[in-house]
Amino acid sequence: MTDKKTIYMDNASTTRVRKEVLDAMLPFFREDYGNPDSIHAMGRPGRDAVKVARAHIADLIGAKPEEIYFTSGGSEADNWAIKSAVFGPHAKGKHVIVSSIEHHAIINMCEYLEKVGIEVTYLPVDKYGIVSPETVEAAIRPDTAIISVMTANNEIGTIEPIREIGAVARKHNVLFHTDAVQAYGQIDIDVTRDNIDLLSTSAHKLGGPKGIGFLYIRNGVKLDPLIHGGEQERGIRGGTTNVPGAVGFGKAAELAKLDMKERADKEIALRDHLINRVLTEIPYSSLNGHPTQRLPGNANLRFAFIEGESLLMSMNMAGICVSTGSACASGSLDPSHVLLAIGLKHEEAHGSLRFTVSAETTLEDVDYTVDTLKSVVERLRSMSPLYEDFVKEQKKKQEA
Ligand SMILES: *Cc1c(COP(=O)(O)O)cnc(C)c1O
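As the structure is a prediction and not an experimental result, all values here were calculated from the model. (Residues numbered from 1 in each chain as written. Predicted model: local features only at pLDDT ≥ 70, side-chain atom pairs only at ≥ 80, totals over all residues. Heavy atoms only, no water.)

Focus: the site of the ligand
Just so we agree on the cut-off: We define proximity as follows: a residue is near a molecule or strand when any one of its heavy atoms falls within 4 Å of that partner. Here a polar contact is taken to be a pair of N or O atoms separated by no more than 3.5 Å, where protein atoms must pair a possible hydrogen donor with a possible acceptor and residues adjacent in sequence count only if both atoms sit in side chains. All accessible-area figures derive from a Shrake-Rupley calculation using a 1.4 Å probe, and residue coverage is judged against the displayed protein chains alone. Here a helix means four or more residues in a row that DSSP labels H or I, a strand means two or more in a row labelled E, and each is numbered from the N terminus. All amino acids are sorted into three groups, where Ala, Val, Leu, Ile, Met, Phe, Trp, Tyr, Cys and Pro are nonpolar, Asp, Glu, Lys and Arg are charged, and the leftover types, Gly among them, are polar.
Close to the ligand lie 13 residues, the nearest being Ser75, Asp179, Gln182, Ser202 and Lys205. Gly74 places a main-chain nitrogen or oxygen 2.8 Å from an oxygen atom of the ligand. The side chain of Asp179 places a nitrogen or oxygen atom 2.7 Å from a nitrogen atom of the ligand. When the free accessible area of the ligand is taken as 390 Å², the share hidden by the protein chains comes to 87%. When residues in the shell around the ligand are grouped by element, the largest group, 3 residues, is from helix H4 (residues 74–86). Split into classes, the residues belonging to the shell around the ligand amount to 2 nonpolar, 8 polar and 3 charged.

Points about the pairing of strand E12 (residues 352–356)
Here is the rule: A simple rule labels every residue: compare its accessible area, found with a 1.4 Å probe on the protein chains alone, to the largest value its type can have, and call it buried under 20%, exposed over 50%, or partly exposed in between. A pair of strands is considered paired only if DSSP assigns at least 2 bridges between the two.
Within E12, 5 of the 5 residues are buried, which leaves the element mostly enclosed by the surrounding structure. Judged by which residues are buried, E12 turns out to be covered on both faces: Ser352, Arg354 and Thr356 on one side and Leu353 and Phe355 on the other are all buried. Across 5 bridges, the pairing between strand E10 (residues 298–303) and E12 is antiparallel. Bridged to Ala299 within E12 is Phe355.

A closer look at unusual backbone geometry
Located in the positive-phi region is Asn173, a residue other than glycine, with phi close to 60°. At Arg234, a residue that is not glycine, the phi angle is positive and equals roughly 55°. Arg234 gets classed as exposed once you look at its relative accessible area, which sits at 56%.

So, the pattern of salt bridges
Short version of the rule: In the sections that follow, a salt bridge refers to a side-chain nitrogen of Lys or Arg positioned within 4 Å of a carboxyl oxygen of Asp or Glu.
Tallied over the entire structure, the rule returns 27 salt bridges. Here Asp259 and Arg18 are joined by a salt bridge, their closest N and O atoms 2.7 Å apart. Placement of Asp259 in helix H8 (residues 243–281) and of Arg18 in the loop between strand E1 (7–8) and helix H1 (19–25) is noted, with a sequence separation of 241 residues between them. Take Asp259: its relative accessible area is 13%, and that puts it in the buried class. Where Lys19 meets Asp23, a salt bridge forms, and the shortest distance between an N and an O atom there is 2.8 Å. Pair noted here: Lys19 and Asp23 are both in helix H1, with a separation of 4 residues, about one helical turn. We classify Lys19 as exposed; its relative accessible area is 60%. Its relative accessible area of 40% is what places Asp23 among the partly exposed residues.

Encoded structure:
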C-alpha cells in the first residue's frame, strides 16, 4: 500500500494480531524453542505455556482443557469432525446433515463425501439465513452420523439457534458439531448449555495468529484422527505442537474473554451506524442477513443494478478493504451459495458487499466508507444499462 490510509473492513476474513498476542509468542521462536514433548529441559517452557493457553482457550466456552485439541485452523477442525463421524471404526453412520450456508470447509468437504458414498442433507434456511430446529429434526434418519450447523455465518453474520439444534441432536442421540470460527470470542458460547459435542475455531479470526485452531471434543465422544502421527493431542492429532501458535491463541482467548462485551458494544454501534446510513442515504440498497441476530461486526449490504466486484475494486482504489463475501479467489463468477440460499436472485447476490468492523475501527472510518460508497454506487449506476432501463421504466409509470 502507498501512503494513503487503509481502512480495513474485512475482519471476517482475518484480523490483525493483537500486540499482547505477538509479545506472548515471540520467546517461543528464539529462546524457548524446544519441543514440548521432549523429556529434556528445553521441552519444559513450551509445555508449561501450552498448558496455560489450553486452559484459557477452554475457559472461553466453558470446556475442560483436556477437551481442546489443537489443529492447523478452522478448516482442519471442520474436516476432522465430519470425516471422523462417517469414516473409520468409530463411524456412526453414512448420513450427514449440514446447513446450506456452511463455510466452504464444510460445503466442499460434503460434496467430496458424496462422491465416496456418504449421503448429505443440505438444510434450507429462511430469508435471514436461520436454520430452524424443526427442519433439523425432520431430516434425522436412523443412519445419521452427525449434524453440523455453524454458530454464526461468515458472510451474512446470522447467528443460528445452536442451543435448540443441539437439543434436537441430543434427543435423537446424534453428534452435534458447530463451526464457531466466526463466533468464538465474539459472542457468548457455552458447550454444556448449548448442547455441543464438537466445535471448531481458528485463532486468526480473533486477533490470534494464522495456522492454529482447535476442535473441541466433548469428553466421552470417540473420534478417530484425521492427521495420523505421533502421540500429540492425547494421541489423536499427530504433528509437533505449534507452541507459538498455541500460546498466541491462548493470549487471544484470554483477552477476548476480558473485553468481549465492550468490543461487541462498540462494534454493534459502528455496524448499525454503517447500516443505517447506507439504507437511508443510498437508494435501492438492502441489508442481507438478520437485522439483530447477527455478529457484532458484520454488515452485509446489497445494491441493486451494480456488481459487487466492481464496487469492491472501486472501494479498494479509495483505500477501503471490503469483501464480496463470495471469496471467489478462483475468479469464478458463481454467486455466493449463502446469498442464493437466503433466496436472492443471482444479480442480487452479485450486487452484495460485506463490511466487517473490529474494535479498532473508528466512526470516522465508517463515515468515510459510507461517503465513498455513495459516490461509487452513484458512478457505477450512471454507467449501468440496467439502471438506465429502470429509470426509464419509472418515468413511463409516472407519466401514465
Ligand atoms: C475462516 C473460517 C473457516 C476457516 O478457518 P481457517 O483457520 O482459515 O482454516 C472456517 N469456517 C468459518 C465460518 C470461517 O469463517
